[in-house]
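Structural description and commentary
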Amino acid sequence: MNDRAPAPGGLALVEALVNTLDIESGADSLDTADGRAAFGLAERDVPAARELREALRGACLAHAGHRSPGRSPAALDRLLAGAPLYVSVAEDGTAALRPASPDGPLVSRIAEAIAAAAADGTWERLKACEAEDCHWAYYDRSPAGRSRWCSMAVCGARAKMRTYRARRTATG
């Protein structure tokens, strides 16, 4: 959907999960065995993964300055509260949150990724496209951190054309 490089580190997992749903076409890769396998999900795990995906989309929209009804960052907070994690301390004394088991639930792996990204200052750069028919997740690498669309060539161009046409109609 977009022409951007994947998000860095663990945020790539978050971005990939959010982007399992193509809002414009309605295609959901979690409906396929391959799509579920990419996240280590069984078919019974899909409803919870979808709930997590939409809560993450809400946070990504909030990062971009957009609010979306039914997608509150508070929902993500509630879901992450149940993630089994522990604090791991390395030989050099650095600490990090880790899933309670390496093959732990998706929510634990997502919580680990968010905690690491929040610690290194990259979490807020994971955003969702402003376009209502898109909301694709992307990592904003712009210097000012003000990107609005997943792709300037598609969503950005459509938005600019709509603005142009509205302005011409209003003056014409």
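These remarks concern the structure in this document. (Residues numbered from 1 in each chain as written. Predicted model: local features only at pLDDT ≥ 70, side-chain atom pairs only at ≥ 80, totals over all residues. Heavy atoms only, no water.)

**Topic: the nonpolar core**
Applicable threshold: Take the buried Ala, Val, Leu, Ile, Met, Phe, Trp, Tyr and Cys residues and link them wherever side-chain atoms come within 4.5 Å; each set so joined is a nonpolar core. Buried residues are those whose accessible area, probed at 1.4 Å on protein chains only, stays under 20% of the maximum for their type, while exposed residues exceed 50% and partly exposed ones sit between those limits. Each helix is a run of H or I in the DSSP string that is no shorter than four residues. Each strand is a run of E no shorter than two, and both are numbered from the N terminus. Contacts are assigned to residue pairs that have any heavy atoms within 4.5 Å of one another.
Core analysis: the largest hydrophobic core is formed by 31 residues, its most contacted members being V14, L52, L56 and W123. No other element matches the eight residues that helix α3 (residues 46-63) contributes to this core. Aside from chain neighbours lying at most four places away, what touches L56 is V14, L17, V18, L76, I110, I114 and W123. Listed in part, the seven residues of the second largest apolar core include C129, W136, C150 and C155.

**Observations concerning the pairing of strand β1 (residues 85-89)**
For clarity, the cut-off: Strand pairing is assigned whenever DSSP detects at least two bridges linking the two strands.
Summarising the sheet, β1 and strand β2 (residues 95-99) pair through five bridges and their orientation is antiparallel. Paired with V87 across the bridge in β2 is L97.

**Some remarks on the pattern of salt bridges**
Under the convention used in this document: By salt bridge we mean one thing: a side-chain nitrogen of Lys or Arg within 4 Å of a carboxyl oxygen of Asp or Glu.
Summed over the entire model, instances satisfying the criterion amount to eight salt bridges. The closest approach of N and O atoms between R78 and E51, which form a salt bridge, is 2.7 Å. A residue pair is termed long-range when its members are at least 10 positions apart, and R78 in helix α4 (residues 73-80) and E51 in helix α3 qualify at 27 residues. Exposure remark for E51: the relative accessible area of 39% places this residue in the partly exposed category. A salt bridge links R53 to E54; the shortest N-O distance between them is 3.0 Å. The same class applies to R53 and to E54, which are both buried. A network of salt bridges, in which partner residues are shared, links D28, D31, R50, R53, E54 and R57.

Just geometry here; none of it tells us what the structure is for.
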